[in-house]
Amino acid sequence: MISHVTSAKTATSFDMSAHPIRVLAVFSWELRRRLAGRSFWITASMVFVLTLAFMWLGQFKACVELYKGSCVSLAGTSASGILLEMPGLLMLWFAMLVPFLTADLVTLDVKRRTHEILMATPLSKSAYIWGRYLAGLTLCLLLALLILAGTLLMGVALTHFLWLGLDGPSDLVNYPPPNVQAILLVWVISTLPVVFLLSSIGFFFSTLLPASSGFIKALVLVGWLACWMMAEFLFGHFKIAQWDPTNSTLASTFYPDMQKAYFSGISPTMTLDQRQQVLNRVQQNLPDLTNWLLTHALYAALGLVLTTLTVFLFRRFDTTPRWGQK
């Protein structure tokens, strides 16, 4: 009895704060466990290959002008094209993976019936929660980096290897080089905040309601899809478009300005190649995305707040009956 009380007091005293060493220990253990399995590497390969495929298929994102039966086309890796490509397509399916990578980081212990064993050790709940979450967040960030790498790689390939064109090599002769600055900025705005926010939402609810983990992941996916489909209705106005978490309204916000600049720079006597050159110059102008950076930084911060709140609300031992139990 004395030893039991002593160990309980020790666990409570350890539970007061998360020492960085303990957080690092949980983080490294969980990360090694996830990287040792095949599922993450299969997922990583899928993300990279799909990114290459979608960037190839979306090499021309829009026909800005139809001139004598041929399109003056917007490149998918230009400053204007990446506003369409990354938030509108790449992040639509990538965001669906995030809850599956992070929601069960703690719930998995409950399912494997190892939760009570871990909680009986003098491991603080702060170290336990933060270590597990940071491991899952790291995996999501690694996948996000693969999206960035695949986008840049395909942009270079489309510029130098003309045979990648869908309609023949001649269509890619004037394909502009990738705008690296624009791709990096749009990636930071459209990918990182989504990773922080969706990973934290799934982790928060699944950790506190482990019996409903599957339902929570499905709810997060449905909520994301609903927000993406209704983005034009909810965030279609220029002044509130910056609050769109899916960023699907990012392109429609700035596309009219690019289109206006193009038509003001051409003349009726220009040939198709000359018009394409004008568009190649105009579409590389990066719009001011300062407001988008600020608002999406708040979304990322909200994700960290949710994880912090998880630590405060998490109970080492849940004595309430779960669904299906009496």
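Just so it is clear, the model here is predicted, and its values are computed rather than measured.

What counts and what doesn't
- Throughout, residues of each chain are indexed from 1 in the direction in which the sequence is written.
- In view of the model being predicted, local features appear only for residues whose pLDDT reaches at least 70, and side-chain atom pairs are presented and counted only at 80 or more, with totals across whole chains, interfaces and linings using the full set of residues.
- Heavy atoms from the whole structure form the basis of all side-chain values; hydrogens and water molecules are not counted.
- Put simply, DSSP marks the helices as runs of H or I at least four residues long and the strands as runs of E at least two long, and each gets a number from the N terminus on.
- A patch consists of residues exposed above 30% relative accessible area that lack any salt bridge, with like charges linked at up to 9 Å and nonpolar side chains (Val, Leu, Ile, Met, Phe, Trp, Tyr) linked at up to 5 Å.
- To measure how exposed things are, a 1.4 Å probe is used in the Shrake-Rupley method; for residues, cover is taken only from the protein chains shown.
- Whenever a carboxyl oxygen of Asp or Glu lies within 4 Å of a side-chain nitrogen of Lys or Arg, that contact is scored as a salt bridge.
- A pair of aromatic rings is counted whenever rings of Phe, Tyr or Trp (Trp by its six-membered ring) have centres within 6.5 Å, and the orientation is called stacked for planes under 30 degrees apart, edge-to-face for over 60 and tilted otherwise.
- Exposed residues in this analysis have more than 50% of their type's maximum accessible area, buried residues have under 20%, and partly exposed residues fall in between, with area computed by a 1.4 Å probe over protein chains only.
- Any cysteine sulfur atom paired with another within 2.5 Å is treated as part of a disulfide.
- Note on pairing: two strands pair once DSSP finds at least 2 bridges between them.
- By this rule, a helix spans an expected 1.5 Å times one less than how many residues it contains.
- Arc definition: directions from the helix axis to the C-beta atoms.
- Contacts between residues were defined by any pair of non-hydrogen atoms, one from each residue, lying within 4.5 Å.
- Among buried residues, the Ala, Val, Leu, Ile, Met, Phe, Trp, Tyr and Cys ones that are joined through side-chain atoms within 4.5 Å form a nonpolar core.
- For helices, the fitted axis covers only the stretch in contact; all axes are lines through C-alpha atoms, and the angles between them, taken along N-to-C directions, range from 0 to 180 degrees.
- Residue polarity is assigned by list, with Asp, Glu, Lys and Arg as charged and Ala, Val, Leu, Ile, Met, Phe, Trp, Tyr, Cys and Pro as nonpolar; anything else, Gly included, falls into the polar class.

Participant: Honestly, unusual backbone geometry in this entry has me stumped. Any pointers?
Facilitator: It is generally the case that most residues other than glycine have a negative phi and that most peptide bonds are trans. Even without being glycine, Asn-247 reaches a positive phi, approximately 65 degrees. If you trace the backbone, Asn-247 turns up in the loop between α11 (231-235) and α12 (250-264).

Participant: Would you explain a nonpolar patch on the surface in this entry?
Facilitator: The grouping of Met-229, Met-230, Phe-233 and Leu-234 at the surface amounts to a nonpolar patch, some 470 Å² of accessible area in total. Mapping Leu-234 onto the fold places it in helix α11.

Participant: In this structure, what is going on with the packing of aromatic side chains? I would like to understand it.
Facilitator: Geometrically, a pair of aromatic rings is defined through the distance of the ring centres and the angle of the planes. Enumeration over the complete set of coordinates arrives at 10 aromatic pairs. Here Trp-93 and Phe-94 contribute two aromatic rings whose centre-to-centre distance is 6.5 Å and whose plane-to-plane angle is 90 degrees, an arrangement assigned as edge-to-face. On the basis of relative accessibility, which here comes to 14%, the residue Trp-93 falls in the buried class. Here a set of aromatic residues connected by ring pairs shows up, and it is made of Phe-54, Trp-93 and Phe-94.

Participant: Would you explain the pattern of salt bridges in this entry?
Facilitator: Where charged atoms of side chains with opposite charge meet at close range, the side chains can pair. Enumeration over the complete set of coordinates arrives at five salt bridges. The salt bridge partner of Glu-30 is Arg-132, with a shortest N-O separation of 3.2 Å. Of this pair, Glu-30 sits in helix α2 (residues 20-36) while Arg-132 sits in helix α7 (residues 125-160), and the two are 102 residues apart along the sequence. With a closest N to O distance of 2.7 Å, Asp-104 and Lys-217 form a salt bridge. Of this pair, Asp-104 sits in the loop between α4 (79-102) and α5 (107-111) while Lys-217 is found in helix α10 (residues 213-229), placing the two residues 113 residues apart along the sequence. The same class applies to Asp-104 as to Lys-217, namely buried. If you follow the salt bridges from partner to partner, you end up with Glu-30, Arg-33, Arg-34 and Arg-132 in one network.

Participant: How should the state of the cysteines be read in this particular structure?
Facilitator: Any covalent bond linking the sulfur atoms of two cysteines counts as a disulfide. Inspection of the entire model under this criterion finds one disulfide. Here Cys-63 connects covalently by a disulfide to Cys-71, the sulfurs 2.2 Å from one another. Taking the torsion about the S-S bond as the criterion, the Cys-63 to Cys-71 disulfide, at about -100 degrees, is left-handed.

Participant: How do you make sense of the pairing of strand β2 (residues 70-75) when you look at a structure like this?
Facilitator: Of the pairings in the sheet, the one linking strand β1 (residues 60-67) to β2 comprises six bridges and is antiparallel in character. When the sheet's bridge partners are listed, Tyr-67 is paired in β2 with Ser-70.

Participant: How should I be thinking about α2 in this particular structure?
Facilitator: Along an α-helix, residues three or four positions apart point the same way, because every turn accommodates 3.6 residues. Between its first and last C-alpha atoms α2 spans 24 Å; for 17 residues at 1.5 Å apiece the expected length is 24 Å, and the two agree. Residues of α2 that are buried: Val-23, Val-26, Phe-27, Glu-30, Leu-31 and Arg-34. An end-on view of α2 places all buried positions within 125 degrees of arc, on one side of the element. Looking at α2, the residues exposed on the side facing more than 90 degrees away from the buried face are Ile-21, Leu-24, Arg-32 and Ala-36.

Participant: Please clarify how the environment of Leu-134 should be interpreted in this entry.
Facilitator: Here Leu-134 lies in helix α7. For Leu-134 and Leu-105, which are 29 residues apart along the polypeptide, the C-alpha to C-alpha distance reads 9.9 Å. In this structure Leu-134 touches Val-23 and Phe-27, once residues within four positions along its chain are discounted.

Participant: Just to check I follow, could you spell out the nonpolar core for this structure?
Facilitator: Where a protein is soluble and globular, its nonpolar side chains tend to be buried together. Ranked by internal contacts, the top residues of the largest apolar core, which has 63 residues, are Phe-94 and Leu-289. Here the element with the most residues in this core is α7; it accounts for 16 residues. The residues contacting Phe-94, other than those within four sequence positions of it, are Cys-140, Leu-143, Ala-144, Ile-147, Thr-191 and Val-195.

Participant: Sorry, what's going on with helix α13 (residues 272-282) here?
Facilitator: Within α13, the full set of buried residues consists of Arg-275, Gln-276, Val-278, Leu-279, Asn-280 and Val-282. Contacts from the buried residues of α13 go to β1, β2 and α12.

Participant: Hey, could you run me through the packing of helix α8 (residues 180-190) against helix α14 (residues 290-313) in this one?
Facilitator: In contact at an axis separation of 9 Å, α8 and α14 are set at 35 degrees when each is read in the N-to-C sense. Each of Leu-185, Val-188 and Ile-189 in α8 lies in contact with α14, whose residues at this interface are Trp-292, Leu-293 and His-296. When the residues that make up the contact of α8 with α14 are grouped by side-chain class, the tally is five nonpolar, one polar and no charged.

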